[in-house]
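So you can see what is in the structure, the chains are spelled out below.
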Amino acid sequence: MTKLIFDCDPGVDDAVALFMAFAARQDLELLAITTVAGNVGGELTARNAAIIRQIAGREDVPIYAGASAPLYRPPFDAGAFHGESGLGTLPLLESDKGLAAGRAADLIVDLVMAHAPGEITLAVTGPCTNLALAMRLEPAIIERLGPVVVMGGARREGGNITASAEYNIWADPHAADIVFSSGVQCVVMGLDVTHQVRSDPARTAAIAAIDTPSARATHNLLEFSNALERDIVGGTGAPIHDPCVIAYLLAPDLFTLRPCQLRVETASPLTVGHTAVEFRLRDPAAARILWATHADADGVFALLNDLLAR
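Some remarks on helix α12 (residues 243-250)
At step 1: For α12, the tally of buried residues reaches 8 of 8 residues, placing the bulk of the element in the interior.
At step 2: Burial in α12 covers these residues: P243, C244, V245, I246, A247, Y248, L249 and L250.

Put into structure tokens, the structure is as follows:
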């Protein structure tokens, strides 16, 4: 069992990733959900995580609200891509269980320090603010953390918020640079790989045929994203970014990774949030960051369907 803290900013695709994590009881010991401002404001991301938790029937998992703004930049949400609520057109409900007391960064420190070195895995599908704050609070967690799997960045594909920047990294580039420069072991799912995993009509039809609350909600969320993809880009299937993080944790063989050095641009007005990914390493075996280059999209959706059917 992987002991997991899931740090997220729900968000349509974060919500789908949450459904996957909640369903994977046999493989993931989900210690806590932590939320951060990103796709929508911090109050909404925490509320949305609680809504997804209730639909999934996992009120046993505590949710801790986190940072309401980036470290230095003003907040800028992505509501245009996630809807005013952050959950597209998904009907909102009143969560029966509220948030846990305490801050996300403190919770991350407490759990990492309370477990053996390498025992805690962290999934990050929003801006890296909570983890950067935790590293500042207690630098010792850097040596004690297990793998950190991040959705963020772009190399070959270019950006989705600016010409060269992916949204999660752009939203708090200073936090991302702290994390990637810290020496912690990171696996990074950037746009290069998430753009290979798209919810085309055949895949969403397969999800629609699964009669569970999580599957019905997931179908609603993906159809919202697909409508935006058609209207804005002209494509037939939106990429599902954040679910790739949970898919990797459950089935790493679905992804191809390359060791790299990774830094984030924090100063340039033109390229802030750009991820400089360097594969030319003197000692690839010593690299602390692995960059995903290829995904088995059919395998990811087969895993998603299996989890939604549970």
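Resuming the write-up.
Focus: the packing of helix α1 (residues 12-23) against helix α13 (residues 297-309)
At step 1: Look at α1 against α13: their axes get within 9 Å of each other, and the N-to-C directions meet at 65 degrees. In this structure, α1 meets α13 at a crossing whose hand is left-handed. Where α1 abuts α13, its residues V16, F19, M20 and A23 lie against L303, L304, L307 and L308.
At step 2: A per-class count over the contact of α1 with α13 returns 8 nonpolar, no polar and no charged.

Here's the deal with the environment of E166
At step 1: Tracing the sequence through the fold places E166 in the loop between β5 (148-151) and α7 (167-171).
At step 2: Sequence separation between E166 and A154 is 12 residues; the distance between their C-alpha atoms is 6.0 Å.
At step 3: Beyond its immediate sequence surroundings of up to four residues, E166 is in contact with M151, G152, G153, A154, G159, N160, I161 and L191.
At step 4: In this structure the side chain of E166 is engaged in a polar contact, spanning 2.9 Å, whose partner is the backbone nitrogen of G153.
At step 5: A polar contact of 2.8 Å, which involves the side chain of E166, links it to the backbone nitrogen of N168.

Regarding the pairing of strand β2 (residues 28-35)
At step 1: With 7 of its 8 residues buried, β2 lies for the most part within the structure.
At step 2: One ladder, built from 7 bridges, connects strand β1 (residues 2-8) with β2; its direction is parallel. Bridging across to β2, C8 finds its partner in T35.
At step 3: Handedness of the β1-α1-β2 crossover: right-handed.
At step 4: Pairing analysis gives 3 bridges linking β2 to strand β3 (residues 63-65), with the strands arranged parallel. Residue pairing across strands places T34 opposite Y64, the latter belonging to β3.
At step 5: As a crossover connection, the stretch from β2 through helix α2 (residues 42-56) into β3 is right-handed.

Things to note about the pairing of β1
At step 1: Most of β1 sits inside the fold, with 6 of its 7 residues counted as buried.
At step 2: As paired strands, β1 and strand β4 (residues 120-124) are joined by 5 bridges and run parallel to one another. Following the sheet pairing, I5 is matched in β4 by L122.

About the criteria used
Residues numbered from 1 in each chain as written. Predicted model: local features only at pLDDT ≥ 70, side-chain atom pairs only at ≥ 80, totals over all residues. Heavy atoms only, no water. Buried < 20%, exposed > 50% of the residue type's maximum accessible area, 1.4 Å probe, protein only. Helix = DSSP H or I, 4+ residues; strand = E, 2+ residues; numbered from the N terminus. Axes fitted to C-alpha atoms, helices over the stretch in contact; angles between N-to-C directions. Left-handed = near helix turned anticlockwise from the far one by under 90°. Contact = heavy atoms within 4.5 Å. Nonpolar A, V, L, I, M, F, W, Y, C, P; charged D, E, K, R; others polar. Polar contact = N/O pair within 3.5 Å; in protein donor to acceptor, adjacent residues only side chain to side chain. Pairing = 2+ DSSP bridges. Right-handed = clockwise from strand over helix to strand, strands pointing away.

Purely spatial values, then, with no claim about function.
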